[in-house]
Amino acid sequence: DLCGVAISFTGIPTKIYVDMNLTMSILELNYGQCMLPHMVMFNKVVERLMPPPSDPLAARLQPKLGWWDNVRYWVHGRANLTTDVLIFRHLLDNVENHGWSVMVRSESTRLMYSTSTFSI
């Protein structure tokens, strides 16, 4: 019982099938050392959503893959994201001082993903 929700698992691995097109006017992404503590907390939340290993003994003997490495095994299909403006900031100090960053701006950007393939 997890937060009042009963979740049962079977031996069948989780699979997600998508055929998705997202269109937006602006997408802003931020990343930097100051965000790492928050990423650790985010990773813990996502790991709780992942199914347990099918063989617990083998899982103890092998290094654990992060959820981002497992995505290619459980997400299948095609996803396209089109944005008029894409802004990526590599934060140099902290989130509040977002002006202290290296910023890359792209216009009319399309990000495409199909099973095991990512392209811009």
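On a predicted model such as this, the values are computed, not experimentally measured, just so you know.

**Comments concerning the confidence of the model for the chain**
Next, step 1: The pLDDT averaged across the chain works out to 80; a share of 84% of its residues lies at or above 70.
Next, step 2: By mean pLDDT, the top-scoring element of the chain is strand β1 (residues 16–31) (91), and the lowest-scoring one is helix α3 (residues 67–74) (73).

**Thoughts on the sheet that holds strand β4 (residues 117–119)**
Next, step 1: Strand order in the open sheet formed by four strands is β1-β2-β3-β4, and the pairing between neighbours is mixed. At either end of the open sheet lies a strand with only one pairing partner, and these are β1 and β4. Here the strands of the sheet are splayed against their neighbours by 20° on average, with no regard to which way each runs.
Next, step 2: Packing against the sheet, α3 makes contact with β1, β2 (75–91) and β3 (101–114), and its axis sits at approximately 150° to β2.

**Structural notes on the pattern of salt bridges**
Next, step 1: Per the stated rule, a full pass over the model turns up three salt bridges.
Next, step 2: The salt bridge partner of Arg78 is Asp19, with a shortest N-O separation of 2.6 Å. Placement of the pair is Arg78 in strand β2 and Asp19 in strand β1, with a sequence separation of 59 residues.
Next, step 3: Classification of Arg78 by relative accessible area gives partly exposed; the value is 35%.
Next, step 4: Across the pair Glu107 and Arg105 runs a salt bridge whose closest N-O atoms are separated by 3.3 Å.
Next, step 5: A residue is classified by how much of its surface remains accessible, and Arg105, at 47% relative accessible area, is partly exposed.

Rules of the game
Residues numbered from 1 in each chain as written. Predicted model: local features only at pLDDT ≥ 70, side-chain atom pairs only at ≥ 80, totals over all residues. Heavy atoms only, no water. pLDDT = per-residue confidence, 0-100. Helix = DSSP H or I, 4+ residues; strand = E, 2+ residues; numbered from the N terminus. Pairing = 2+ DSSP bridges. Axes fitted to C-alpha atoms, helices over the stretch in contact; angles between N-to-C directions. Contact = heavy atoms within 4.5 Å. Salt bridge = Lys/Arg side-chain N within 4 Å of Asp/Glu carboxyl O. Buried < 20%, exposed > 50% of the residue type's maximum accessible area, 1.4 Å probe, protein only.

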